[in-house]
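What the coordinates show
Residue strings, one per chain:
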Amino acid sequence: MLSGWSLIRAWTILVYLFMFLPVAVVVLLSFNASQFGSFPMTGFSFRWFVELWHNDAILRAFRVSFVLGALTAVISTTLGVLASLALIRYDFRGKNLISTALIAPILVPEVVLAVALLLFLRFLAIPKSFPLLLMGHVIFTLPFVVLVVQARLVGIRRDIEEAAMSLGASPRQAFFEVTLPLLAPAIFAGMLFAFTISFDDITGTLFWKPGGVETVPTQIFAMLRNSISPEINALGTVMIVLTVGLPLLGAAVARRLGSRTN
Amino acid sequence: MATVEARERRQPWILLSPALAAVTLLLFVPLLFIVVYSFWLRTATGADVVGFHLDNWQEALTDPFYRDILLFTLKIAAITTIVCGLMGYPAAYFIARAGGNRALLLLLLMLPFWISYIIRTMSWINILGVSGALNSMLLWLGIVDEPLQLLYNQTTVVLGLVHFLLPFMILNVYVSLEGIDRTLEQAANSLGATRWQSFLEVTLPLSLPGLAAGGLLCFVLSAGTYITPLVLGGPTDAMFANLVFEAIITQLNWPLGSALSLMLLAVLGVLVAIYNHFVGMSQLAKGFG
């Protein structure tokens, strides 16, 4: 039986290698001194990162992605936290239906969601624009925020707030001094999730973005049309550091916030 | 007292109203709109003819070009789902039973979700491209004399999709394996079942909801994919979402694009409904816990 277990272990190692090796190669090649974005490695160099820094199109794309991601995170988390509070703390008729409606945007294929929103807003004479892009990102990050925030809110019962009020706190005081600090980790997790999903989105963005505006993923996609270059690998490395580093940092901060309130 | 109760009853709806308004205005009304729109006509001049015309639907449903691409899309999605299940199940089982390494394995499993999809997709060009890692190695070892053309075919589309979706599968299977009472397996063993038997007859059936949730996600996400065939596929590997993009953005035939989108939605919607009937949506939410 031991051999069966070692077989499963070996298989798991292969599966993990499959998930991470290609990404590791991107990082490795981004430090390649060679002209071409490929093997063999001819030396170690930071030149492609320097070139990124001087590439206006890429810097512009970063700015668009950051602003879009931040606004999406704020709006989507506000809507999502309020809705999750209602779903977790109240019993009312039609609750199941409402929960399903709120996660519906992930059940609809992104292309269909993109087409429906685009055509409807064009019909209302709202052109492809940054606000359209923002509305799109809000609607498809919302379900993720609702799911993540709900999972974290389960522990916050109303009793705690009621206890505070019975000890003489006003409803406002109870909210700001008891509930909000308890909510902070959930809000933080929701914002991080929404930001990352928005930052990474490409399909919907390609439908909604106005001409000439690129986010980082659509910029990479446009650059891939020519061929893979060391610059794309360097951009990939920067993205990996940002999108992996930020959540890890976020998890640490969330733990801090969580432990302080306990 | 009555006013307090009334307020209490209103409270959840006040909290829900912004999110519900967003979902209604940005998803449900637009979906209804494209249902109506799919019966309009787009004339050569680019104007819409309002009315009830079946032309778009007739074209979408009877043109073998669309039918073939729909079948091809479903085929790719099915293969991707099966490969994800076969690769992911043993890995999820290992994580669930790993003991000391479990926290690390789970953390690593979450990382791909944070790494950009487009970067993970294009990373295969570095591996399989003409001057990629694999060809360089084969040339260096003298196994081939000139680089092999490995990219831009159906297999690489499936490969890219599996690479993207495997973490979803592993996570969902892991969540359901984790929820199984371990003593059930031990009980089966003590009653004389071999470990293989107790796996097949106790653990596997109990983990099916997780496998189904992972499978649904893999299937729906791969059937709706737009980017992977463009980055890793050849010219004949277009999938259904590429058709929709063509109709809407390139040909500007919005009514036809609406009909095609709704076709995709209907096919995948049937799957989601079947899943919901047998497993239920709450299983999907568990992956976020």
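For chain B, the name recorded in an unreviewed UniProt entry is Spermidine Putrescine ABC transporter permease component PotB, with Lutibaculum baratangense AMV1 as its organism. In UniProt, chain B has this text filed under Subcellular location (unreviewed entry): "Cell membrane". The UniProt entry for chain B carries the following text under Sequence similarities (unreviewed entry): "Belongs to the binding-protein-dependent transport system permease family. CysTW subfamily."

Naming follows an unreviewed UniProt entry, where chain A appears as Spermidine Putrescine ABC transporter permease component potC of Lutibaculum baratangense AMV1. Database annotation for chain A, UniProt heading Sequence similarities (unreviewed entry): "Belongs to the binding-protein-dependent transport system permease family. CysTW subfamily." Word for word, the UniProt comment on chain A under Subcellular location (unreviewed entry) is "Cell membrane".

The next subject is the UniProt feature "transmembrane region" (unreviewed entry) in chain A. All names here are of chain A. Sequence positions flagged by UniProt for "transmembrane region" (unreviewed entry) are, in local numbering, residues 7–31, 66–88, 100–124, 130–153, 174–199 and 232–254. For residues 100–124, the end-to-end C-alpha separation is 27 Å, with 88% helix and 0% strand making up the annotated structure. End-to-end, the C-alpha atoms of residues 174–199 are 35 Å apart, and along that stretch the chain is 100% helix and 0% strand.

On to the environment of B:Trp124, then. Note that B:Trp124 resides in helix 5 (residues 117–128). With near-sequence residues (within four places) excluded, B:Trp124 lies in contact with A:Pro22, B:Thr156, B:Leu159, B:Gly160 and B:Leu232.

In this section: the interface of chain B and chain A. On the side of chain A, 67 residues touch chain B, which itself brings 66 residues to the contact. Here the element with the most residues in the side of chain B that touches chain A is helix 1 (residues 2–37) of chain B; it accounts for 16 residues. In terms of residue class, the side of chain B that touches chain A is made up of 50 nonpolar, 14 polar and two charged.

Turning to the UniProt feature "transmembrane region" (unreviewed entry) in chain B, a few remarks are in order. Residue and element names in this part refer to chain B. On the UniProt side, "transmembrane region" (unreviewed entry) is annotated at positions that read residues 12–40, 69–96, 103–119, 125–144, 156–175, 211–232 and 252–275 here. Secondary structure within residues 125–144 divides into 65% helix and 0% strand; the distance between the first and last C-alpha atoms comes to 19 Å. What you have in residues 211–232 is 86% helix and 0% strand, and the ends, taken at the C-alpha atoms, are 27 Å apart.

What follows is about the confidence of the model for chain B. Averaged over all residues, the pLDDT of chain B is 90; the fraction at 70 or higher stands at 98%. As a predicted assembly, this complex carries a pTM of 0.90 together with an ipTM value of 0.89.

What follows concerns the packing of helix 3 (residues 64–96) of chain B against helix 7 (residues 154–178) of chain B. Residue and element names in this part refer to chain B. Interhelical geometry of helix 3 versus helix 7 gives an angle of 40 degrees and a closest axis separation of 6 Å. By the angle class used here, helix 3 and helix 7 are oblique. At the point where helix 3 passes helix 7, the crossing takes the right-handed sense. Residues belonging to the contact of helix 3 with helix 7 are distributed by class as follows: 22 nonpolar, four polar and one charged.

Conventions used here
- Residues numbered from 1 in each chain as written.
- Chains lettered and ligands numbered in written order.
- Predicted model: local features only at pLDDT ≥ 70, side-chain atom pairs only at ≥ 80, totals over all residues.
- UniProt positions renumbered as here; feature names shortened; annotations may be inferred.
- Helix = DSSP H or I, 4+ residues; strand = E, 2+ residues; numbered from the N terminus.
- Contact = placed C-beta atoms within 7 Å.
- Nonpolar A, V, L, I, M, F, W, Y, C, P; charged D, E, K, R; others polar.
- pLDDT = per-residue confidence, 0-100.
- Axes fitted to C-alpha atoms, helices over the stretch in contact; angles between N-to-C directions.
- Parallel < 35°, antiparallel > 145°, perpendicular 65-115°, else oblique.
- Left-handed = near helix turned anticlockwise from the far one by under 90°.

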